[in-house]
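For reference, the chains in residue letters:
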Amino acid sequence: MYVLWRVIVKELLQIRRDRRMIPVIFVSPVVMIVVFGFAVNTDVTNVPMVLVDQDRSVASRDLVSRFVRSGYFEVVGTEEQAEDVDRWLVTSRAQLGLVIGSGFGDALASGRTAAVQVIADGSDASSTSVALGYAGALVQGFGAEVQAARLRTAPGEAFVRRPGQVDLEPRVFYNPDLKSRWFYVPAVLAMVLMVMTMLLSAMGVVREKEVGTMEQLIVTPIRPWQLLVGKLAPFALIGVVQVFLITAVAVFGFRVPFRGSFPLLLGLTLLFLLVTLGIGLLVSTLVRNQQQAMMAAAFLAMIPMVYLSGLIFPIENMPPAIQLVTYLIPLRYYAEIIRGVFLRGSGIDVLWPEAVVLLGMGVAIMTVASLRFRKRLD
């Protein structure tokens, strides 16, 4: 045990002496979470909109006012004809055009159908689809209020309802304001842990080979498992420290709710670290220098994990064949754990399937990596 502690302390001192590593370990996670918290934001607000109001009635002004008050749209210009909207979209001065035809107010007053046209720039499909959804909801809400007001004032129609009319009362749990920041900021924890522990473990072992100290360790009376634990334990400790750091920034800096158990998050994080450290160790047995270790870890492991884990892109939108592949991605299960603990307050009774899968993957990957590591020592 004394020899094991010597190896662990040696690795920690080596990290401490490398002045370039300290900012990478403790500053870069904060930079990443700040970038994601402020820059990566899919909330659609203040969509630039050009207005074509050919009716100029009280009803049309009321509808336009509803769009502006919602906070989702901002009128940046007006035109007389619908054909003129295109030049606003082509030059990116507007993303949406709202066209209210003449006779809009009279049609509403007489109970007839009043049409409103929305012209959108589809080059940015993601934000445009969200903006169209907002516009549709605003128009439907406006029409429902007009109909309700007409039924209240029309004699003999006070109790008349259109056949098949359904009133939708949505209620959103866990993220009632649908803030994308609450979705992305916890994901930074998973990305930082994956990048740091995988890279540091791979490069740390390879560095010993490059400087020639691995041979010195081999001739000492240390056992292979002690050498393995001594090399990986400091990086696991760094991962735990980063959990505290990123969680504090997310909760106190970005007001992301933390509804679950922090000890549970730490415990399940250790299972994820078992996987990432195992992958880093496995990579170190396949390469000869730190540059190769960095490239192999980045392109063979990190990039597929980020794209296929559901951390950023929804798995439900992927082709069925790719969805099957995602079950092999450890980050998929840890992403579910993070969002479950942070936003939904899930306990182990809910997250135990993800925990079992991570434990199985971690044991399997670490076993293969350890066998290759021992073979390289022999």
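This is a predicted model, so every value here is computed, not measured.

Q: Hey, could you run me through the overall build of the protein chain in this one?
A: Within the protein chain, the regular secondary structure consists of 15 helices and four strands. Burial status across the protein chain gives 43% buried among its 378 residues. Within the protein chain, residue pairs in contact and separated by at least 24 positions form 78% of the contacts whose partners lie at least 6 positions apart. Carbon and sulfur atoms make up 63% of the accessible area of the protein chain, which totals about 20,500 Å².

Q: Explanation requested: the nonpolar core in the structure shown.
A: Most often, soluble globular proteins keep nonpolar side chains buried together rather than apart. Counting residues in each nonpolar core, the largest one holds 69 residues, and the members touching the most others are Leu 189, Leu 265, Leu 281, Leu 331, Tyr 334, Phe 342 and Leu 358. Only helix 3 (28-38), helix 8 (180-211), helix 10 (224-253), helix 11 (262-284), helix 12 (290-308), helix 14 (330-344) and helix 15 (348-377) provide two or more residues apiece to this core. If you tally residues by element for this core, the top one is helix 8, at 19 residues. If sequence neighbours within four positions are ignored, Tyr 334 has contacts with Leu 189, Ala 190, Leu 193, Leu 265, Leu 268, Thr 269, Phe 272 and Leu 358. Among the nonpolar cores identified, the runner-up in size contains 18 residues, and Leu 51, Leu 98, Ala 135 and Phe 142 belong to it.

Q: How should the sheet that holds strand 4 (residues 116-120) be read in this particular structure?
A: As a general point, the strands of a sheet are linked pairwise by backbone hydrogen bonds and lie either parallel or antiparallel. What the four strands build is an open sheet, ordered 2-1-3-4; its pairing is mixed. Both outer strands of the open sheet, strand 2 (73-78) and strand 4, are each paired with one neighbouring strand and no more. Taking the axes of each pair of neighbouring strands and ignoring which way they run, one obtains an average angle of 30° across the sheet. The sheet contact formed by strand 3 (residues 96-100) and strand 4 spans five bridges and is antiparallel. Along strand 4, the bridge assignment pairs Leu 96 with Ala 120. Contacting strand 1 (47-53), strand 2, strand 3 and strand 4, helix 4 (residues 58-69) runs over the sheet at an angle of about 160° to strand 3.

Q: Could you clarify how one ought to interpret the side chain of Ser 201 in this entry?
A: Take Ser 201: it is sitting in helix 8. When its relative accessible area of 0% is taken as the criterion, Ser 201 is described as buried. From its side chain, Ser 201 meets the backbone oxygen of Met 198 in a polar contact 3.1 Å long. Excluding residues within four positions of it along the chain, Ser 201 makes contact with Met 196, Leu 232, Phe 235, Thr 276, Leu 277, Gly 280 and Leu 281.

Q: Would you take a moment to explain the pattern of salt bridges for this structure?
A: Note on pairing: side chains with opposite charge can pair once their charged atoms come close. According to the stated counting rule, one finds three salt bridges in the structure shown. The salt bridge partner of Arg 87 is Glu 79, with a shortest N-O separation of 2.8 Å. When its relative accessible area of 46% is taken as the criterion, Arg 87 is described as partly exposed. Overall, Glu 79 belongs to the buried group, its relative accessible area being 13%. One salt bridge in this structure joins Glu 336 and Arg 344, with 2.5 Å as the shortest N-O distance. Overall, the relative accessible area of 33% leaves Arg 344 in the partly exposed class.

Q: Help me understand helix 11 in this model?
A: Structural remark: α-helix, 3.6 residues per turn; residues separated by three or four positions point the same way. Relative to the 33 Å expected for 23 residues at 1.5 Å per residue, helix 11 spans 32 Å between its end C-alpha atoms, a close match to the ideal helical length. In terms of burial, helix 11 is largely enclosed, as 17 of its 23 residues are buried.

Q: How do you make sense of the packing of aromatic side chains when you look at a structure like this?
A: To describe a pair of aromatic rings, you give the distance between the ring centres and the angle between the ring planes. Across all of its chains, the model carries seven aromatic pairs by this definition. Where Phe 258 meets Phe 342, the ring centres are 4.8 Å apart and the plane angle is 80°; that geometry is what we call edge-to-face. Of this pair, Phe 258 sits in the loop between helix 10 and helix 11 while Phe 342 sits in helix 14, and the two are 84 residues apart along the sequence. Judged by its relative accessible area of 2%, Phe 342 falls in the buried class. Ring-pair connections join several aromatic residues into one group, and the members of that group are Phe 244, Phe 258, Phe 262 and Phe 342. Lying over the aromatic face of Trp 88, Arg 93 brings its terminal NZ or CZ to 4.2 Å of the ring centre.

Q: How do you make sense of helix 14 when you look at a structure like this?
A: In this model, helix 14 (15 residues) spans 21 Å end to end at C-alpha, consistent with the 21 Å of a helix rising 1.5 Å per residue. With 13 of 15 residues buried, helix 14 lies mostly within the body of the structure. Once helix 14 finishes, Gly 345 follows within two positions and takes phi at roughly 65°, a positive value.

Q: Would you explain the environment of Ile 348 in this entry?
A: Relative to the assigned elements, Ile 348 resides in helix 15. With relative accessibility at 45%, the residue Ile 348 sits in the partly exposed group. Between the alpha carbons of Ile 348 and Leu 264 there is a distance of 7.5 Å; along the sequence they are 84 residues apart.

Q: Please explain the pairing of strand 2 as it appears in this structure.
A: Here is the key point about a regular strand: its side chains alternate between the two faces of the sheet. For strand 1 and strand 2, the ladder comprises five bridges, and the chain directions are parallel. Opposite Pro 48, over in strand 2, you have Glu 74 as the bridge partner. A crossover connection joins strand 1 to the parallel strand 2 through helix 4; in handedness this β-α-β unit is right-handed.

Q: Is there a simple way to think about unusual backbone geometry in this case?
A: Backbone geometry follows two general trends: most residues other than glycine have a negative phi, and most peptide bonds adopt the trans configuration. We note that Arg 56 has phi near 55°; this positive angle belongs to a residue other than glycine. Along the chain, the position of Arg 56 falls in the loop between strand 1 and helix 4. Although it is not a glycine, Ser 92 sits at a positive phi angle of roughly 65°.

Criteria and cut-off values
Residues numbered from 1 in each chain as written. Predicted model: local features only at pLDDT ≥ 70, side-chain atom pairs only at ≥ 80, totals over all residues. Heavy atoms only, no water. Helix = DSSP H or I, 4+ residues; strand = E, 2+ residues; numbered from the N terminus. Buried < 20%, exposed > 50% of the residue type's maximum accessible area, 1.4 Å probe, protein only. Contact = heavy atoms within 4.5 Å. Areas by Shrake-Rupley, 256 points an atom, 1.4 Å probe, with all protein chains shown as cover. Core = buried A, V, L, I, M, F, W, Y, C linked by side-chain atoms within 4.5 Å. Pairing = 2+ DSSP bridges. Axes fitted to C-alpha atoms, helices over the stretch in contact; angles between N-to-C directions. Polar contact = N/O pair within 3.5 Å; in protein donor to acceptor, adjacent residues only side chain to side chain. Salt bridge = Lys/Arg side-chain N within 4 Å of Asp/Glu carboxyl O. Expected span 1.5 Å × (residues − 1). Phe/Tyr/Trp six-rings, centres within 6.5 Å; stacked < 30°, edge-to-face > 60°. Lys NZ or Arg CZ within 6 Å of the ring centre and 35° of its normal. Right-handed = clockwise from strand over helix to strand, strands pointing away.

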